[in-house]
2 protein chains.
Amino acid sequence: MARIVMKFGGTSVADVDRIKHVARKVKTAVEAGDQVAVVVSAMAGVTNQLVDHVRKTAQLYDLREYDAIVASGENVTAGLLAIALQDLGVPARSWQGWQVPVITDGAHGAARIERIETTELRRRLAQGEVAVVAGFQGLEPVRNRISTLGRGGSDTSAVALAAALEADRCDIYTDVDGVYTSDPRVVKGARKLDKITYEEMLEMASLGAKVLQTRSVEMAMKHRVRVQVLSSFEDKPGTLVVDEDEIVEKEVVSGVTLSRDEAKITLRRVPDRPGVAAAIFGPLADASINVDMIVQNTGADSEHTDLTFTVQRGDLGRAVKVLSDNAEHLGHAAMLSDANVVKISVIGVGMRSHAGVAQKMFKTLSEKGINIQVITTSEIKVSVLIAEEYAELALRSLHTAYGLDSV
Amino acid sequence: MARIVMKFGGTSVADVDRIKHVARKVKTAVEAGDQVAVVVSAMAGVTNQLVDHVRKTAQLYDLREYDAIVASGENVTAGLLAIALQDLGVPARSWQGWQVPVITDGAHGAARIERIETTELRRRLAQGEVAVVAGFQGLEPVRNRISTLGRGGSDTSAVALAAALEADRCDIYTDVDGVYTSDPRVVKGARKLDKITYEEMLEMASLGAKVLQTRSVEMAMKHRVRVQVLSSFEDKPGTLVVDEDEIVEKEVVSGVTLSRDEAKITLRRVPDRPGVAAAIFGPLADASINVDMIVQNTGADSEHTDLTFTVQRGDLGRAVKVLSDNAEHLGHAAMLSDANVVKISVIGVGMRSHAGVAQKMFKTLSEKGINIQVITTSEIKVSVLIAEEYAELALRSLHTAYGLDSV
């Protein structure tokens, strides 16, 4: 007998029929003898509508009120799923964040879970009652107000609940059936992975494989919660996200990812003196613009340098404006910007013990005539920036080069 | 400086624009120096949609879950109105039932308010903060679950809050601008009343003038809460519902009402023996069918009697079936039913001290050739059942006869 947390996202509970379908999946788990807590999102579209109401009401709004409003979507799903379960003869009750309670800090709109009280939940789970918990929300206890974890926070709710309940597994049901070696829409030979490490999943999550929320993976890694990503529409195992020790045969490279949300800025002939980087990146940080890849090339003379970096594509216009406003201060000769770039990354914990992974990447791209504009590396990842027109070709070529294609 | 409770129903908060309009009305009251608590309903249509979801999920459902689901509609409105008020520079916060808390009994779906904790509300009202309270809901404290007061319960929430806060007035904003002497759509000369007594309002409310929920009037009468019914779309005084002592010049008749939700059943030649009434009305009560007017005529012989009574029109089919199923037991000769009847009532506390009110009614109807089928009376009301085709004629004639027409 295991204790598991099952989480169902917005598309899995989009309407009453899908909620009934979810109830049948939960019933199957209960009949297998498991203790089950379920975390649910709002029905697809509901949260957007509520956010829309808020934005139409006022341009600037109290985030405590925003939280009280948008949290209602999850409450509705939780109640409906409890009813659907009871209708199948499965004892169940719904739990809103303040009822559990899921205690958070006071950062309304993007709160962090501090603690989950589980005494009563554990007692009821042991009696065979399914706990249907509204995701994405908690209680800020000082002022007794509803808080939300920010968009997509139901994944985090589920992992946090699994950690608090010391659950054997946290199953995240979604509209894909697992984590793939690459984007199956682009790479025909992409394979579903049986297992992946937390570290790899973190890189995947932050690089555009939008399967799991980054924060939920961080939390799973911290509390060693075994997470499974699987489809709510199919009855087969998904991908287990686990500790490295659990994976016996580590692949050198687990996946090749593509992020199109990239734009490049180059500053030519920046005076090469101390403090110049701070002068450039300070104003960008003040404008809440995240800078990702950075390379500095020695320029034509020793007193100047060329600086290239990337920002999210949607931030490019603002970034260019911020830098233009500071142009006099920076003293660069010219600014070039390019939104037609993508980032390709190869990811794998096996890299740590295998040399030549980066070299293989460069060689493969070179053979296809693809120019690498920027390179960054981490312990388990190599990323390159290339022209967008080569995106699919690069992804497919690397997938084949690292031997990831399904047979 | 007064302390007032303002209540806005579903059509008054139907969309964001109307919620902003409500915020401006509240701001006006705050600027006049009043302490203001606001009670809101769900946006028009929202509760029906939630109820629909519940019914689609299961035929029989846990009312505790139903309550948790449908209460979310009011929570959304409360948050949005708080934001709209803040946007106008008015300090405000929303309060869900469990936050106040509004303590109710455990009769989920039709809970009764037992107590409202107002210490914190009073403190904040005194500081000039508007309390926006979600109507229709409370907290069942034993199991820490959300309860609802049943459909239309926001009126009751408002009156209960006004009583608990010892408010000077409870203003119920709705889509009509007050209580009329009769239905203005039928009676051209119908006048808006400046004041009406609780007792009269109770009769009006239960007789189809759907302005105020009956329970809210009962509660206002019990706690002597001065209630004003007025339009949220116009800027003028409405009708005050107050204690009889507050009305100096009482009118003999305050209003003439029409209820079309009537149907008549006549049992011919029922054996006239003890227990026969119980044998007839017992099964109807068991089937949750309310019987309203009852008359018993002596029949052709002393051993039989004719019995006529009314039920709600929607219950007629079931009532006939229940009686048919018991036909053998009842021993009547025939059963006649008629759904084409209406109930006309004249209402006024002045009746107590004035004779001839009923007589004037019978005479007026007789002069128009309208046959009276059933009569019932109470201390402040005379009701008659007539054929539906005469409904408008009867209403207009009586309105004129009692001198209620506007000049």
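Okay, so let's go over this structure. (Residues numbered from 1 in each chain as written. Chains lettered and ligands numbered in written order. Predicted model: local features only at pLDDT ≥ 70, side-chain atom pairs only at ≥ 80, totals over all residues. Heavy atoms only, no water.)

### Some thoughts on the overall build of chain A
For step 1, the next point in the chain: From N to C terminus, chain A includes 13 helices and 18 strands.
For step 2, the next point in the chain: Taken over the C-alpha trace, chain A has a radius of gyration of 24 Å; the compact-globule value for 407 residues is 22 Å, and the two agree within 12%.
For step 3, the next point in the chain: The dimensions of chain A, computed from C-alpha atoms along their principal axes, are 75 × 55 × 35 Å.
For step 4, the next point in the chain: Out of the 407 residues in chain A, the part that is buried amounts to 56%.
For step 5, the next point in the chain: Residue pairs at least 24 apart in sequence account for 74% of intrachain contacts in chain A once pairs closer than 6 positions are excluded.
For step 6, the next point in the chain: For chain A, the exposed surface amounts to about 17300 Å²; the carbon and sulfur share of it is 47%.
For step 7, the next point in the chain: In chain A, which carries 47 positive and 54 negative side-chain charges, the distance between the mean positions of the two groups comes to 2 Å. (Helix = DSSP H or I, 4+ residues; strand = E, 2+ residues; numbered from the N terminus. Rg over C-alpha atoms; globule rule 2.2 N^0.38 Å. Buried < 20%, exposed > 50% of the residue type's maximum accessible area, 1.4 Å probe, protein only. Contact = heavy atoms within 4.5 Å. Areas by Shrake-Rupley, 256 points an atom, 1.4 Å probe, with all protein chains shown as cover. Lys, Arg positive; Asp, Glu negative; His and termini not counted. Charge placed at Lys NZ, Arg CZ, Asp CG, Glu CD.)

### Here's the deal with the relation of the copies chain A and chain B
For step 1, the next point in the chain: Mapping chain A onto chain B calls for a screw motion: a turn of 180 degrees about the axis and a shift of 0.0 Å along it, with 0.1 Å RMSD after fitting. The transformation just described matches what one would write down for a two-fold rotation axis. Residue serine 72 of chain A of chain A places its C-alpha closer to the rotation axis than any other residue of that unit, at 2.7 Å.
For step 2, the next point in the chain: Comparing interface residues between copies, 97% of those in chain A also sit at the interface in chain B, which points to an isologous, same-surface contact. (Least-squares fit on C-alpha atoms with pLDDT ≥ 70 in both.)

### Some remarks on the packing of aromatic side chains
For step 1, the next point in the chain: Applying the stated criterion across every chain, the model contains seven aromatic pairs over all chains.
For step 2, the next point in the chain: Aromatic side chains tyrosine 61 of chain A and tyrosine 66 of chain A sit 5.7 Å apart centroid to centroid with 15 degrees between the ring planes, which places their arrangement in the stacked category.
For step 3, the next point in the chain: You can call tyrosine 66 of chain A buried: its relative accessible area is 11%.
For step 4, the next point in the chain: Ring centres of tryptophan 98 of chain A and tryptophan 98 of chain B lie 4.1 Å apart, and the angle between their planes is 5 degrees; this geometry places the pair in the stacked category. Of the two residues, tryptophan 98 of chain A sits in the loop between β3 (92-95) and β4 (102-104) while tryptophan 98 of chain B sits in the loop between β3 (92-95) and β4 (102-104), which places them in two different chains.
For step 5, the next point in the chain: Overall, tryptophan 98 of chain A belongs to the buried group, its relative accessible area being 7%.
For step 6, the next point in the chain: A cation over an aromatic ring shows up here: arginine 93 of chain A above the ring of tryptophan 95 of chain A, its NZ or CZ 3.8 Å from the ring centre. (Phe/Tyr/Trp six-rings, centres within 6.5 Å; stacked < 30°, edge-to-face > 60°. Lys NZ or Arg CZ within 6 Å of the ring centre and 35° of its normal.)

### Some points on the sheet that holds strand β18 (residues 381-387) of chain A
Residues and elements named next belong to chain A.
For step 1, the next point in the chain: If you trace the six strands from one edge of the open sheet to the other, you get β14-β15-β13-β16-β18-β17, paired in antiparallel fashion. Of all strands in the sheet, those with a lone pairing partner are β14 (291-298) and β17 (374-378), marking the two edges. On average, each strand axis in the sheet is inclined to that of its neighbour by 25 degrees, with strand direction left out of account.
For step 2, the next point in the chain: Across the face of the sheet, helix α9 (residues 276-286) comes into contact with β13 (255-271), β14 and β15 (304-311) while running at roughly 25 degrees to β15. (Pairing = 2+ DSSP bridges. Axes fitted to C-alpha atoms, helices over the stretch in contact; angles between N-to-C directions.)

### A closer look at the sheet that holds strand β13 (residues 255-271) of chain B
Residues and elements named next belong to chain B.
For step 1, the next point in the chain: Taken in spatial order, the six strands line up as β14-β15-β13-β16-β18-β17 in an open sheet, and their pairing is antiparallel. Where the open sheet ends on each side, the last strands, each with one partner, are β14 (291-298) and β17 (374-378). Direction aside, the axes of adjacent strands within the sheet are offset by 25 degrees on average.
For step 2, the next point in the chain: Pairing geometry for β13 and strand β16 (residues 334-347), over 11 bridges, is antiparallel. Bridge pairing in β16 links leucine 267 to methionine 335.
For step 3, the next point in the chain: Across the sheet, helix α13 (residues 391-401) touches β13, β16 and β18 (381-387), and the angle it forms with β13 is around 120 degrees.

### A short note on the interface of chain A and chain B
For step 1, the next point in the chain: Listed by partner, the interface residues are 37 residues for chain A and 36 residues for chain B.
For step 2, the next point in the chain: Taking both sides of the interface into account, the surface hidden between chain A and chain B amounts to around 3100 Å²; carbon and sulfur atoms contribute 60%.
For step 3, the next point in the chain: The largest contributions to the chain A side of the interface with chain B come from Thr57, Ile83 and Trp98 of chain A, which together make up 21% of the buried area.
For step 4, the next point in the chain: Counting across the chain A and chain B interface gives zero salt bridges.
For step 5, the next point in the chain: Summed over the shared surface of chain A and chain B, the result is eight residue pairs in polar contact (both at pLDDT 80 or more).
For step 6, the next point in the chain: Every element with two or more residues in the side of chain A that touches chain B is listed here: α1 (16-31), α2 (46-57), α3 (63-70), α4 (72-87), β3 and β8 (145-148) of chain A.
For step 7, the next point in the chain: The dominant element in the side of chain A that touches chain B, judged by the number of residues it contributes, is α4 of chain A, at nine residues. (Buried area = accessible area lost by both parts, 1.4 Å probe. Salt bridge = Lys/Arg side-chain N within 4 Å of Asp/Glu carboxyl O. Polar contact = N/O pair within 3.5 Å; in protein donor to acceptor, adjacent residues only side chain to side chain.)

### Some details on the side chain of aspartate 177 of chain A
For step 1, the next point in the chain: Structurally, aspartate 177 of chain A is set in the loop between β9 (169-174) and β10 (195-197).
For step 2, the next point in the chain: Among the polar contacts made by the side chain of aspartate 177 of chain A, one reaches the side chain of tyrosine 180 of chain A at a distance of 3.0 Å.

### Some points on helix α2 (residues 46-57) of chain B
All names here are of chain B.
For step 1, the next point in the chain: The end-to-end C-alpha distance of α2, which contains 12 residues, comes to 17 Å, matching closely the 16 Å that a straight helix rising 1.5 Å per residue would cover.
For step 2, the next point in the chain: Taken together, the buried positions of α2 are Thr47, Leu50, Val51, His53, Val54 and Thr57. Mapping the buried residues of α2 onto a view down its axis gives an arc of 150 degrees, with all of them on the same face. (Expected span 1.5 Å × (residues − 1). Arc of directions from axis to C-beta.)

### Some details on helix α4 (residues 72-87) of chain B
Each turn of an α-helix holds 3.6 residues, which means side chains three or four residues apart point in the same direction.
Residue and element names in this part refer to chain B.
For step 1, the next point in the chain: If you check α4, its first and last C-alpha atoms are 23 Å apart, about what 16 residues at 1.5 Å a residue would give, namely 22 Å.
For step 2, the next point in the chain: The element α4 is largely enclosed, with a buried count of 14 among its 16 residues.
For step 3, the next point in the chain: Count one or two residues on from α4 and you reach glycine 89, which has phi positive near 85 degrees.

### Let's talk about the pairing of strand β8 (residues 145-148) of chain B
All names here are of chain B.
For step 1, the next point in the chain: Burial along β8 is two-sided: Arg145 and Ser147 facing one way and Ile146 and Thr148 facing the other are all buried.
For step 2, the next point in the chain: Sheet topology places strand β7 (residues 137-140) next to β8; four bridges connect them, and they run antiparallel. Its bridge partner lying in β8, glutamate 140 is registered against arginine 145.
For step 3, the next point in the chain: Linking β7 to β8, which pair antiparallel, is a turn of four residues; within it asparagine 144 sits at a positive phi near 60 degrees.

### Topic: the environment of arginine 318 of chain B
Residue and element names in this part refer to chain B.
For step 1, the next point in the chain: Tracing the backbone through its elements, the reader meets arginine 318 in helix α10 (residues 316-325).
For step 2, the next point in the chain: Once the C-alpha coordinates of arginine 318 and isoleucine 289 are considered, the two residues, 29 residues apart in sequence, prove to be 8.2 Å apart.
For step 3, the next point in the chain: In contact with arginine 318, other than residues within four places in its own chain, are Ala287, Ser288 and Ile289.
For step 4, the next point in the chain: Polar contacts involving the side chain of arginine 318 include one to the main-chain carbonyl oxygen of alanine 287, which spans 2.9 Å.

### As for the packing of α9 of chain A against helix α10 (residues 316-325) of chain A
Residues and elements named next belong to chain A.
For step 1, the next point in the chain: At a minimum axis distance of 10 Å, the contact between α9 and α10 shows a crossing angle of 130 degrees. Considering their axes alone, α9 and α10 lie oblique with respect to each other. Pair α9 / α10 crosses with right-handed handedness. Where α9 approaches α10, its residues Ile280, Pro283 and Leu284 are matched on the opposing element by Ala319, Val322 and Leu323. (Parallel < 35°, antiparallel > 145°, perpendicular 65-115°, else oblique. Left-handed = near helix turned anticlockwise from the far one by under 90°.)

### Let's talk about the pattern of salt bridges
All names here are of chain A.
For step 1, the next point in the chain: Per the counting criterion, the structure on display carries 60 salt bridges over all chains.
For step 2, the next point in the chain: Close ionic contact of arginine 268 with aspartate 306 constitutes a salt bridge, the shortest N to O distance being 3.4 Å. Of this pair, arginine 268 sits in strand β13 while aspartate 306 sits in strand β15; the two residues are 38 residues apart in sequence, bridging distant segments of the chain.
For step 3, the next point in the chain: On the accessibility criterion, arginine 268 (37% relative accessible area) is partly exposed.

### Some points on the packing of helix α1 (residues 16-31) of chain B against α4 of chain B
Residue and element names in this part refer to chain B.
For step 1, the next point in the chain: One can describe the packing of α1 onto α4 by two numbers: an axis separation of 9 Å at closest approach and a directional angle of 60 degrees. Comparing the axis directions of α1 and α4 gives the class oblique. Both α1 and α4 take part in a crossing whose hand is right-handed. Across the interface between the two elements, Ile19, Lys20, Val22, Ala23, Val26 and Lys27 from α1 touch Thr77, Leu80, Leu81, Ala84 and Leu85 from α4.
For step 2, the next point in the chain: Class assignment of the residues belonging to the contact of α1 with α4 gives a composition of eight nonpolar, one polar and two charged. (Nonpolar A, V, L, I, M, F, W, Y, C, P; charged D, E, K, R; others polar.)

Scope: geometric values only; no functional claims are made or implied.
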